Amino acid sequence: MFGQLTPAGGGDPIPLLKKALLIGRVESCDIVLRFPNVSSKHCNLTLDGGYWFVTDLDSSNGTKVNGVRILRKRLDPGDELTVAKHKYQIDYSPTDCGAFGPPPAEEDEIAQILSASLLQRAGLNRRQSQEKAAQERKERTPRADLKSPDQVQVRRPKPQDD
């Protein structure tokens, strides 16, 4: 056994017997939750590096970890997993599941880093550079005070010969 899910509010704990588990409403799932608001194939639990990860399978009512909706997230011991509106606490020991060293990085952190441009990752955000250049041009360009008529030059149009 690689841990268990304990229902919030009571009930029998659900043992985590395999390293990859499908949670959903249909009988073919590894963990069957017979509730109408649970999708037929709601989410996956996978054991990776001694830590459980949950991946939402585009479910209708979502998957949350500690109250925050996720696409994929590491589950630390004691975290609250919410499938639709059904809450469970995950209990396991990472060392008993094969973990050593620091926990693996969150998938969300990696996705955020990879979705940023190289300039943003280097701290050279293009938009900030453009805004800074525009501000410098503005400061260098002298402006006429439109309230003072002796500083405003009016040009008359040239007569054109037809």
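We now turn to the structure provided with this report. The model shown is predicted, which means the values in this text are computed figures rather than measured ones.

Let us look at the pairing of strand S6 (residues 51-56). In terms of burial, S6 is largely enclosed, as five of its six residues are buried. Two elements, strand S5 (residues 43-48) and S6, share six bridges in a ladder whose sense is antiparallel. Following the sheet pairing, leucine 47 is matched in S6 by tryptophan 52. Once S5 ends, the chain turns through two residues before running back antiparallel as S6, passing glycine 49 with a positive phi of about 65°.

On to the sheet that holds strand S9 (residues 72-75), then. Taken together, five strands build an open sheet; the order of strands is S4-S3-S5-S6-S9 and the sheet is mixed. The strands lining the two open edges of the sheet, one partner per strand, are strand S4 (31-32) and S9. Two elements, S6 and S9, share four bridges in a ladder whose sense is antiparallel. Within S9, the residue paired with threonine 55 across the bridge is arginine 72.

Let us look at the pattern of salt bridges. Counting across every chain of the model gives three salt bridges. The shortest N-O distance in the salt bridge between glutamate 27 and arginine 34 comes to 3.2 Å. According to the relative accessible area criterion, glutamate 27 is exposed, its value standing at 56%. Residue arginine 34 is classed as exposed on the basis of its relative accessible area, which comes to 58%. For aspartate 76, the salt bridge identified is with arginine 74, shortest N-O distance 2.8 Å. Among the residues examined, aspartate 76 registers a relative accessible area of 24% and is labelled partly exposed.

Another aspect to go through is the sheet that holds strand S10 (residues 80-83). Adjacent strands of a sheet pair through backbone hydrogen bonds, lying either parallel or antiparallel. Strand order in the open sheet formed by six strands is S2-S1-S11-S10-S7-S8, and the pairing between neighbours is antiparallel. Of all strands in the sheet, those bounded by a partner on one side alone are strand S2 (14-15) and strand S8 (68-69). The pairing of strand S1 (residues 4-7) with strand S11 (residues 86-91) spans four bridges and is antiparallel. Across the sheet, the residue bridging to proline 7 is tyrosine 88, located in S11.

Here is what the cut-offs are and how they apply
Residues numbered from 1 in each chain as written. Predicted model: local features only at pLDDT ≥ 70, side-chain atom pairs only at ≥ 80, totals over all residues. Heavy atoms only, no water. Buried < 20%, exposed > 50% of the residue type's maximum accessible area, 1.4 Å probe, protein only. Helix = DSSP H or I, 4+ residues; strand = E, 2+ residues; numbered from the N terminus. Pairing = 2+ DSSP bridges. Salt bridge = Lys/Arg side-chain N within 4 Å of Asp/Glu carboxyl O.

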